[in-house]
Amino acid sequence: MAADRATRIGVLALQGSFREHMTLLARIPGVQAVEVRTKAELESCAGLIIPGGESTTMALVAERWGLIPELQQFAAQERPIWGTCAGLIFLANRASGTKEGGQALLGGLDCTVQRNYFGAQINSFETLLPAPACLPRDSDPADTFRAVFIRAPAITETGSGVEVLAEYRLTKEEQAVQQRDSVVVAVRSGALMATAFHPELTQDSRWHELFVDMVRKHAAERAAAAAAAPAPDPAAKLGRVPTRPADLPVY
Amino acid sequence: MAEQQRGTQAVKVGLAQMLKGGVIMDVVTPEEARIAEEAGAVAVMALERVPADIRRNGGVARMSDPQMIREIKAAVTIPVMAKARIGHFVEAQILEALGIDYIDESEVLTPADDVHHINKHAFKVPFVCGCRDLGEALRRVAEGAAMIRTKGEAGTGNVVEAVRHARAVQGAIRQLQTMDDDELYVYAKELRAPVDLVRQTKALGRLPVVNFAAGGVATPADAALMMQLGMDGVFVGSGIFKSGDPAKRARAIVQAVTHYNDPAIVAEVSCDLGEPMVGIDVREKGFQSYAGRSE
């Protein structure tokens, strides 16, 4: 596929694990990944990933440069957005456990999330969860995917139009705290997808493939996507670009 | 379904990955912690005295009162870090029991063991450790550190040592990348670091864990400088709450770290911040280096 016809996917690069998302997107043929910090960069993208990080920080930085209305407009045009962890908190209509005074949220996803659902970092964990039917198959016969939860939120209520993609069965200890057996950790609704875990911290690019698929379907429906604005030259900034590679190993 | 696993390397390094591109601020009260959170800090470091006060007051600096750490933890939703003395694994056990999100095994506190660091593999909570060069960084990773910060000189408001240590690490990695694989055994011996970590660092072209800058960052320009030198984020200790307008300076440093490569934005956020902290020249007579207290 010619570079100018590649599907352009933005990763909100204000803070957090945006580099990891860029690396996984780069493995998918026909995808051009773009770091998004400004309105112009956002405008050029057919879809957007809001990465893991601190939702309070991302909200404050986005607000400072007027990016929140731009993001709301992006969502209003029904261009697909995928939020991981902090990104899920951005997309949810209702959030509990937020900092005093609340947080500027994007909204659009009819569900309630609770921040830091599992507690402090010592309760962070990884596990294997059953893959939803829409996820591309891989060679694993058990058909699971590796899910890494870092001070993760969880979805405690979902509205009627929201499709549940993955649920996590709580351990006995967690059941005693939360008074329930399981909790929703991945959802999809219209052009929005959200996961409480971090596919970007693994080698598994299937969630990214699923999202790229959503973006392509949407772009096909919307012919105007072909006329998307050209991506700004990332090298146009005046400062010095760090000379060392940014990619960490996957543990 | 598979059991959940806590405290794996992916989970430990993963939290540091979520902090990348952010600022971690030293705070001594719940009120300061709230100011830091409002300014956009990705995490706070709870401690009894900021390094500038530790320098001024002298004496033995220890882990903070657990009560005070609890109060700070209750005040904010962002991760809370706390410092343990080098080699003091019981202070680390206490911090783990308190539910601290990251432990800083820090040379800013008076070392409890001048030979051995904590065996950090024995903990589920992740650790960040200081380094002055590549060998020191990889020795800490070998002991189980899931995040590294270049040491700089805490409490000085002088960025020169932070720059020296960041350049030392990055320069050594560039040198390593030019080497033949046969030469890595002797180089690892010179670095006093495990050869497998040296090999991994060569392959990656960077440290195998997240690498923040620390020790002397006082202005948005200092923070952007450390980012352009290739750091993943910045610790700011005394620089914020020892300055004239902490809330404003904190917000400015957060913006400068996100937009570190855009001088127009760094210029804009640097305007009218009030008095910066008073700096110390590290070449002054009687200056005590904290960075040199461990290796």
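Residues numbered from 1 in each chain as written. Chains lettered and ligands numbered in written order. Predicted model: local features only at pLDDT ≥ 70, side-chain atom pairs only at ≥ 80, totals over all residues. Heavy atoms only, no water.

Per an unreviewed UniProt entry, the recorded name for chain B is pyridoxal 5'-phosphate synthase (glutamine hydrolyzing), and the organism is Chlorella vulgaris. Checking UniProt for chain B, the heading Sequence similarities (unreviewed entry) contains the comment "Belongs to the PdxS/SNZ family." Listed in UniProt under the heading Pathway (unreviewed entry), the comment for chain B reads: "Cofactor biosynthesis; pyridoxal 5'-phosphate biosynthesis." (UniProt positions renumbered as here; feature names shortened; annotations may be inferred.)

The name given to chain A in an unreviewed UniProt entry is glutaminase, with the source organism recorded as Chlorella vulgaris. UniProt lists a comment for chain A under the heading Catalytic activity (unreviewed entry), and it reads "L-glutamine + H2O = L-glutamate + NH4(+)".

Caption draft 1: Quick peek at the overall build of chain A. A count of helical and extended segments in chain A gives seven helices and twelve strands. Looking at chain A as a whole, 57% of its 251 residues are labelled buried. Considering only residue pairs separated by 6 or more positions, chain A has 68% of its internal contacts joining residues 24 or more positions apart. Surface exposure of chain A reaches about 10,100 Å², of which carbon and sulfur atoms provide 52%. (Helix = DSSP H or I, 4+ residues; strand = E, 2+ residues; numbered from the N terminus. Buried < 20%, exposed > 50% of the residue type's maximum accessible area, 1.4 Å probe, protein only. Contact = heavy atoms within 4.5 Å. Areas by Shrake-Rupley, 256 points an atom, 1.4 Å probe, with all protein chains shown as cover.)

Caption draft 2: Just the packing of helix α8 (residues 184-191) of chain B against helix α9 (residues 195-204) of chain B, in detail. Residue and element names in this part refer to chain B. One can describe the packing of α8 onto α9 by two numbers: an axis separation of 9 Å at closest approach and a directional angle of 110°. When the axes of α8 and α9 are compared, the pair comes out roughly perpendicular. Contact residues: Leu184, Tyr185, Tyr187, Ala188 and Leu191 in α8; Val195, Val198, Arg199 and Lys202 in α9. (Axes fitted to C-alpha atoms, helices over the stretch in contact; angles between N-to-C directions. Parallel < 35°, antiparallel > 145°, perpendicular 65-115°, else oblique.)

Caption draft 3: Broad picture of the sheet that holds strand β1 (residues 5-6) of chain B. If you walk across this open sheet you meet the three strands as β8(A)-β7(A)-β1(B), and the pairing is antiparallel. Each having just a single partner strand, β8 (144-149) of chain A together with β1 of chain B make up the two edges of the open sheet. Here strand β7 (residues 125-130) of chain A runs beside β1(B); their pairing, made up of two bridges, is antiparallel. By the bridge assignment, A:Phe125 is partnered in β1(B) with B:Arg6. (Pairing = 2+ DSSP bridges.)

Caption draft 4: Examining the UniProt feature "domain: PdxS/SNZ N-terminal" (unreviewed entry) in chain B more closely. Under the feature "domain: PdxS/SNZ N-terminal" (unreviewed entry), the UniProt entry names residues 9-214 of chain B. Helix makes up 45% of residues 9-214 of chain B and strand 16%, whereas the separation of the span's terminal C-alpha atoms amounts to 23 Å.

Caption draft 5: Looking closely at the interface of chain A and chain B. Contact with chain A, which involves 60 residues of that partner, is made by 66 residues of chain B. Of the roughly 5,000 Å² buried between chain A and chain B on both sides combined, carbon and sulfur atoms contribute 55%. Ranking the residues of chain A by area buried against chain B places A:Ile122, A:Arg244 and A:Tyr251 at the top, with a combined share of 14%. Run the count over chain A and chain B and you get five salt bridges. Our count for the chain A to chain B interface comes out at 23 residue pairs in polar contact (both at pLDDT 80 or more). Mapped onto the side of chain A that touches chain B, the elements with two or more residues apiece are α1 (18-26), α3 (55-64), β7, β8, β10 (163-169) and α6 (172-178) of chain A. In terms of residues, the side of chain A that touches chain B owes the most to one element, β7(A), which gives six residues. Looking at the side of chain A that touches chain B, its residues break down into 23 nonpolar, 18 polar and 19 charged. (Buried area = accessible area lost by both parts, 1.4 Å probe. Salt bridge = Lys/Arg side-chain N within 4 Å of Asp/Glu carboxyl O. Polar contact = N/O pair within 3.5 Å; in protein donor to acceptor, adjacent residues only side chain to side chain. Nonpolar A, V, L, I, M, F, W, Y, C, P; charged D, E, K, R; others polar.)

Caption draft 6: Structural detail: the packing of aromatic side chains. Residue and element names in this part refer to chain A. Considering all chains together, one arrives at 14 aromatic pairs over all chains under this definition. A centroid spacing of 5.2 Å and a plane angle of 70° characterise the contact between Phe145 and Trp207, whose relative ring orientation is edge-to-face. One end of the pair, Phe145, is in strand β8; the other, Trp207, is in helix α7 (residues 206-221), with 62 residues separating them in the sequence. There is no split in this pair, since Phe145 and Trp207 are both buried. With a centroid separation of 5.7 Å and an interplanar angle of 45°, the aromatic rings of Phe149 and Tyr168 are classed as tilted. Of this pair, Phe149 sits in strand β8 while Tyr168 sits in strand β10, and the two are 19 residues apart along the sequence. (Phe/Tyr/Trp six-rings, centres within 6.5 Å; stacked < 30°, edge-to-face > 60°.)

Caption draft 7: Geometry of the UniProt feature "binding site: D-ribose 5-phosphate" (unreviewed entry) in chain B. All names here are of chain B. Those places that UniProt annotates as "binding site: D-ribose 5-phosphate" (unreviewed entry) correspond, in this numbering, to Asp26, Gly155, Gly216, Gly237 and Ser238. Despite a sequence span of 213 residues, these residues sit close together in the fold, their greatest C-alpha distance being 12.4 Å. Inspection of the secondary structure assignment puts Asp26 in strand β2 (residues 23-27). Gly155 has contacts with Pro51, Ala52, Arg55, Ser238, Met277 and Ile280, leaving out every residue within four places of it along the chain.

Caption draft 8: Expanded view of the pairing of β2(B). Residue and element names in this part refer to chain B. For β2, the tally of buried residues reaches five of five residues, placing the bulk of the element in the interior. Burial along β2 is two-sided: Val23, Met25 and Val27 and Ile24 and Asp26, pointing in opposite directions, are all buried. Where β2 and strand β9 (residues 233-236) come together, three bridges link them in parallel fashion. Looking at β9, one finds that Met25 is bridged to Val236. Where β2 lies against strand β3 (residues 43-46), four bridges are found, and the strand directions are parallel.

Caption draft 9: Molecular detail of the packing of helix α2 (residues 30-39) of chain B against helix α4 (residues 66-75) of chain B. All names here are of chain B. Contact geometry of α2 with α4 gives a least axis separation of 9 Å together with a crossing angle of 35°. Between α2 and α4 lies a crossing whose hand is right-handed. In this structure, α2 uses Pro30, Ala33, Arg34 and Glu37 to contact α4, whose residues at the interface are Glu71, Ile72 and Ala75. The class makeup of the residues in the contact of α2 with α4 is four nonpolar, no polar and three charged. (Left-handed = near helix turned anticlockwise from the far one by under 90°.)

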